[in-house]
Amino acid sequence: MPVAEETDLEAIFDQALRAVVKKEPLPPIEVRFYPYAGLSSTIRLRRGRIYVRLSDILCESPPEILHALACILVAKLYRLKPSKEHERAYKQYTLLPEIVEASESTRRTRGYKITTSPRGKVYDLEELFSDLNHRYFAGRLERPDLSWSQKRTRRILGHHDHIHGAIVVSRTLDDTRIPRFVVEYVLYHEMLHVAHPPRVVSGRTIYHSRQFRSDERRFERFDEVLKWMERLASPVRRKSKKSRRR
Ligand SMILES: [Zn+2]
């Protein structure tokens, strides 16, 4: 279990923001651990909010190291010079054998995942996302990381990782035989997960609330798409399709 909970992290970043940037009002800040390959961290300002992602290798780091890193990142965002002390503290920490080892190991095992592009052979998830965002969300949905799965998966066509803010769509759908609106629908469903974060109600996590389900039906070709979903989920393709199988 991570020692630093994400709420503590936000407090650390909030403090760093106050210490480094001395003008009000300070933007709200959201901080998440992310399974980067290697020891990366990113910070960006978007629509008045700061979004930070820290390598999950750092999830058990002592608070003073997280504080140093927070100050370095905030300084970077505001184009200020980070303090030498913070730089030294963080650098030293990253040279500890267990951190170096953890970093190398994530590079080996995750490296390929992170470079996955939203652009498939047939469909570009980023393009589909912007289009859907305009059509159904008034352009207001924050774009998560979009990627195609490594493998073709017929059972699970899409997945939204709430913790890491990522949507993964099955490579099975990146195919000229799959109509665009089917891919759109799978992505739309995952986008609804972004719009309706999971809620815990009497100990149970609700992922598909009533509001979620009713929004789902707003999809333009909902009935048609459901037939496609059934076909895609059935393990045996119809015989007439056999000749087209690879
Ligand atoms: Zn779902």
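The structure under discussion appears in the preceding block.
Fair warning: this is a prediction, and the values are worked out from it, not measured in the lab.

Visitor: Would you take a moment to explain the sheet that holds strand 2 (residues 41-46) for this structure?
Guide: Whenever strands of a sheet pair, they do so through backbone hydrogen bonds, lying parallel or antiparallel. An order of 1-3-2 is seen for the three strands of this open sheet, with the pairing classed as mixed. Edge positions in the open sheet fall to strand 1 (29-34) and strand 2, since each of these has one partner strand only. Ignoring strand direction, the axes of neighbouring strands in this sheet form an average angle of 15 degrees. Sheet topology places strand 1 next to strand 3 (residues 49-55); six bridges connect them, and they run parallel. Within the sheet, the bridge partner assigned to Phe33 lies in strand 3 and is Leu54. Lying over the sheet, helix 2 (residues 63-77) contacts strand 2 and strand 3, oriented at roughly 45 degrees with respect to strand 2.

Visitor: Which parts of the structure should I look at to understand the pattern of salt bridges?
Guide: Oppositely charged side chains may form a pair once their charged atoms are brought near each other. For the structure on display, the rule yields 18 salt bridges. Here Arg135 ties to Asp131 by a salt bridge, and the two come within 3.1 Å at their closest N and O atoms. Linking Arg135 with Asp131, this pair stays in helix 5 (residues 125-137), spanning four residues, or about one helical turn. With relative accessibility at 33%, the residue Arg135 sits in the partly exposed group. Residue Asp131 is classed as partly exposed on the basis of its relative accessible area, which comes to 25%. Residue Glu220 is joined to Arg135 by a salt bridge in which the shortest nitrogen-to-oxygen separation is 3.7 Å. Of this pair, Glu220 sits in the loop between helix 7 (210-216) and helix 8 (222-233) while Arg135 sits in helix 5, and the two are 85 residues apart along the sequence. Counted as one network, the salt bridges with shared partners bring together Glu127, Asp131, Arg135, Arg180, Glu184 and Glu220.

What counts, and at which threshold
- Residues numbered from 1 in each chain as written.
- Predicted model: local features only at pLDDT ≥ 70, side-chain atom pairs only at ≥ 80, totals over all residues.
- Heavy atoms only, no water.
- Pairing = 2+ DSSP bridges.
- Helix = DSSP H or I, 4+ residues; strand = E, 2+ residues; numbered from the N terminus.
- Axes fitted to C-alpha atoms, helices over the stretch in contact; angles between N-to-C directions.
- Contact = heavy atoms within 4.5 Å.
- Salt bridge = Lys/Arg side-chain N within 4 Å of Asp/Glu carboxyl O.
- Buried < 20%, exposed > 50% of the residue type's maximum accessible area, 1.4 Å probe, protein only.

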